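The primary structure of each chain is shown beneath.
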Amino acid sequence: MKEEKGVSKDIMNAFEAIEDDVLWVHAKWTIYRQLFATSEERISLLNDFAPDFFQIVHDSVLHDIVLTMGRLTDPAETGDKENLTFEQLIKILEADNCELVRKLTPLLETAQEKYKPFRPLEE
């Protein structure tokens, strides 16, 4: 991949991979809301039509969304391995774009704070 407007290959690769995850999790959340968060009548119809199937769909989509958000808000590294996360993207950006890092850091902190209830308790 070529460098675009001074953006390094590492930044573009990380951004594009994370962008794919974000786009997919957004699409899944939209579908989840359309199916299960529209109205009580919709839930009743789904339960009358095929309750087991829609329970599996509900649980699977919600589980996938929670796991994806957890992965995206994980630390930049685990042990000696780098994780492709928002924090890692910010870490890559630190060398090139301080203004963007200043804007993204509080957004990451907010996302991590909101995700805390889904993480295992620290011991």
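Residues numbered from 1 in each chain as written. Predicted model: local features only at pLDDT ≥ 70, side-chain atom pairs only at ≥ 80, totals over all residues. Heavy atoms only, no water.

Caption draft 1: Up close: the side chain of Thr68. Residue position: Thr68 is located in helix H3 (residues 51–72). Contacts of Thr68, omitting those with residues within four sequence positions, involve Asp21 and Val25. (Helix = DSSP H or I, 4+ residues; strand = E, 2+ residues; numbered from the N terminus. Contact = heavy atoms within 4.5 Å.)

Caption draft 2: Quick peek at helix H5 (residues 98–115). Here H5 contains 18 residues, and its C-alpha end-to-end distance of 25 Å stays within 8% of the 26 Å for a straight helix at 1.5 Å per residue. Largest kink in H5: about 25°, centred on Leu104, with the proline Pro106 one to four residues after it. Taken together, the buried positions of H5 are occupied by Val101, Leu108 and Tyr115. Among the structural elements, H3 and helix H4 (86–93) are those in contact with the buried residues of H5. (Expected span 1.5 Å × (residues − 1). Bend = angle between axes of the 7 residues up to and from the residue. Buried < 20%, exposed > 50% of the residue type's maximum accessible area, 1.4 Å probe, protein only.)

Caption draft 3: Highlighting the nonpolar core. Judged by nonpolar contacts, Ile11, Ala14, Ile18, Leu72, Leu89, Ile90, Leu93, Val101 and Leu108 together constitute the single largest core of nine residues. With residues up to four places along the chain from it excluded, the contact list for Ile90 reads Val101, Leu104, Thr105 and Leu108. Val25, Leu46, Ala50 and Phe54 belong to the second-largest nonpolar core, a separate cluster that totals eight residues. (Core = buried A, V, L, I, M, F, W, Y, C linked by side-chain atoms within 4.5 Å.)

Caption draft 4: Region of interest: the packing of aromatic side chains. Within the structure shown, the criterion is met by five aromatic pairs. Ring plane angle 15° and centroid distance 5.3 Å describe the contact between Trp29 and Tyr32, whose orientation is recorded as stacked. One end of the pair is Trp29 and the other is Tyr32, both in helix H1 (residues 9–36) and three residues apart, which spans about a single turn. Residue classification places Tyr32 among the buried residues on the basis of a relative accessible area of 12%. Look at Tyr32 and Phe36: their rings are 5.4 Å apart centre to centre, the planes differ by 45°, and that puts the pair in the tilted class. With Tyr32 and Phe36 both in helix H1 and four residues apart, this pair spans about one turn of that helix. With a relative accessible area of 15%, Phe36 lands in the buried category. Three or more aromatic residues joined by ring pairs form one cluster here, namely Trp29, Tyr32 and Phe36. (Phe/Tyr/Trp six-rings, centres within 6.5 Å; stacked < 30°, edge-to-face > 60°.)

Caption draft 5: Up close: the confidence of the model for the chain. When pLDDT is averaged along the chain, the result is 89; 93% of the residues meet or exceed 70. Mean pLDDT per element in the chain: helix H2 (residues 40–49) is the minimum at 91, and H3 is the maximum at 95. (pLDDT = per-residue confidence, 0-100.)

Caption draft 6: Fine view of the pattern of salt bridges. Under the counting rule described, the total for this entry stands at six salt bridges. The partner of Arg71 in a salt bridge is Asp21, with the nearest N and O atoms 2.6 Å apart. Taken together, the residues span a long stretch of sequence, with Arg71 in helix H3 and Asp21 in helix H1 at a distance of 50 residues. Among the residues examined, Arg71 registers a relative accessible area of 37% and is labelled partly exposed. Lys28 is the salt-bridge partner of Asp64, the closest N and O atoms lying 2.4 Å from each other. Highlighted residues: Asp64 in helix H3 and Lys28 in helix H1, separated in sequence by 36 residues. Note on Lys28: relative accessible area 27%, which makes it partly exposed. (Salt bridge = Lys/Arg side-chain N within 4 Å of Asp/Glu carboxyl O.)

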